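Commentary on secondary and tertiary structure
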Amino acid sequence: NVYVLTVLSVIVCIVVPYFLGSLNFSVILSGKLYKEDVRSKGSGNAGSTNMLRNYGKKAAGLTLLGDALKTVVSCSFGILVYGVYGAYLAGLFCILGHMFPAYFKFKGGKGIVCLAVMILMTDWRVFLILFIIFLVIVLGTKYVSLGSVIGAMLYPIVLNRINTGTGNPVRSVEVIAILVAILVVFMHRENIKRLYQGKESKLKLGKKKKDNEKSQESQKDQGGEND
């Protein structure tokens, strides 16, 4: 029965990527390598930026790699099970798992790395456009959160423009893109509030960890991480 197979495919593309996404590597690595929970440090966010500020580049790099790989696996699995639409659906639920991990009391990261990899896996043209926009905003303002939020908000629009006339299931994947954008904006609500108030932390490249120690406590109150 085609209908039953379709329903089963959709369910599999939801359940498997969600639990893959729930493998939050910042929590796993901070526990294994440092016997701590990164969510108790710095801003309290379970992401690579908080790992960088508390444990250094190696820990942040491993976290980013792990979060990227789980998204690659999720989207690849989605393609195998249900084609292009399966990749988008799997990407959405991998991001949900990252944000609200079943294994770690539903307290995770903000999903930017997972979103970027999902876009790259589903349409490299959309990724390239949004990545350029992200870079221009971040380099111009030094606000990573601003670049992330604007990129997420533009995602459904750019996807629509790229996919028009290509024969792809535009309406279905655009609904997913809109849902992803809403999720990312919601997870960055405190960043948006601080941007409006002029209190958001700016990107500081090359700043040594010990120079950041005084600001970590205030970041914990602000929740200023972005990933």
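Each chain carries its own residue numbering, running from 1 in the direction its sequence is written. Totals for whole chains, interfaces and linings use all residues, but because this is a predicted model, local features are given only for residues with pLDDT of at least 70 and pairs of side-chain atoms are given and counted only at 80 or more. Excluded from the side-chain calculation are hydrogens and water; included are all heavy atoms of the structure.

1. Regarding the overall build of the chain
Counting from the N terminus, the helices are DSSP H or I runs at least four residues long and the strands are E runs at least two residues long. Looking only at helices and strands, the chain features ten helices and zero strands. Tracing the chain from N to C terminus, the helices and strands come up as α-α-α-α-α-α-α-α-α-α. A simple rule labels every residue: compare its accessible area, found with a 1.4 Å probe on the protein chains alone, to the largest value its type can have, and call it buried under 20%, exposed over 50%, or partly exposed in between. In the chain, buried positions account for 45% of the 227 residues. Between two residues, a contact is recorded if the distance between any of their heavy atoms is within 4.5 Å. In the chain, the proportion of contacts linking residues at least 24 apart, taken out of those at least 6 apart, comes to 69%.

2. Brief notes about the packing of helix α1 (residues 2-21) against helix α4 (residues 57-99)
Between two packed helices, what matters for the description is the angle formed by their axes and the separation of those axes. Axis separation between α1 and α4 bottoms out at 7 Å; the angle between their running directions is 35°. Crossing of α1 over α4 shows right-handed handedness. Tallied by class, residues from the contact of α1 with α4 come to 17 nonpolar, eight polar and one charged. Interaxial angles span 0 to 180 degrees and are taken between N-to-C directions of axes, which are lines fitted to C-alpha atoms, for helices over the stretch in contact. In this scheme the crossing of two helices becomes right-handed for a clockwise turn of the near helix relative to the far one and left-handed for an anticlockwise turn of less than a right angle. Following the grouping adopted for this structure description, the nonpolar residues are Ala, Val, Leu, Ile, Met, Phe, Trp, Tyr, Cys and Pro, the charged ones are Asp, Glu, Lys and Arg, and the polar ones are all others, Gly among them.

3. Details of the nonpolar core
We define the nonpolar core as a collection of buried residues of types Ala, Val, Leu, Ile, Met, Phe, Trp, Tyr and Cys that are connected through side-chain atoms lying within 4.5 Å of one another. Leu115, Met118, Tyr155 and Val180 are the most contacted members of the largest nonpolar core, which has 28 residues in total. Listing elements by their share of this core, those giving two or more residues are α1, α4, α5 (112-122), α6 (124-141), α7 (144-163) and α8 (170-187). The dominant element in this core, judged by the number of residues it contributes, is α4, at eight residues. Those residues within four positions of Val180 in sequence are excluded, and the remaining contacts are Leu92, Ile95, Leu115 and Met118. Residues Leu29, Val38, Tyr55 and Ala59 belong to the second largest nonpolar core, which totals six residues.

4. Looking at the packing of aromatic side chains
Within 6.5 Å between ring centres, the rings of Phe, Tyr and Trp (the latter by its six-membered ring) count as paired, and their orientation is classed by plane angle as stacked under 30 degrees, edge-to-face over 60, tilted in between. Taken as a whole, this structure holds six aromatic pairs when the rule is applied. Centroid distance Tyr82 to Tyr85: 5.8 Å. Interplanar angle 75°. Geometry classified as edge-to-face. A residue pair is termed a helical-turn pair when its members lie 3 or 4 positions apart in one helix, as Tyr82 and Tyr85 do in helix α4 at three residues. Geometrically, a charge over a ring is one whose NZ (Lys) or CZ (Arg) sits within 6 Å of the ring centre while staying within 35 degrees of the ring normal. The ring of Phe186 has Arg189 lying over it, and the distance from NZ or CZ to the ring centre is 4.1 Å.

5. Quick word on the packing of α4 against α5
Contact geometry of α4 with α5 gives a least axis separation of 7 Å together with a crossing angle of 35°. Crossing handedness for the pair α4 and α5: right-handed. Grouping the amino acids of the contact of α4 with α5 by side-chain chemistry returns 14 nonpolar, five polar and two charged.

6. Some points on unusual backbone geometry
Generally, phi is negative for residues other than glycine and the peptide bonds are trans, each holding for most cases. Of note in the backbone geometry, Lys105 takes a positive phi value of approximately 60° without being a glycine. Following the sequence through the fold, Lys105 ends up in the loop between α4 and α5. Located in the positive-phi region is Lys142, a residue other than glycine, with phi close to 70°. Judged by relative accessible area, Lys142 falls into the partly exposed class, the value being 37%.

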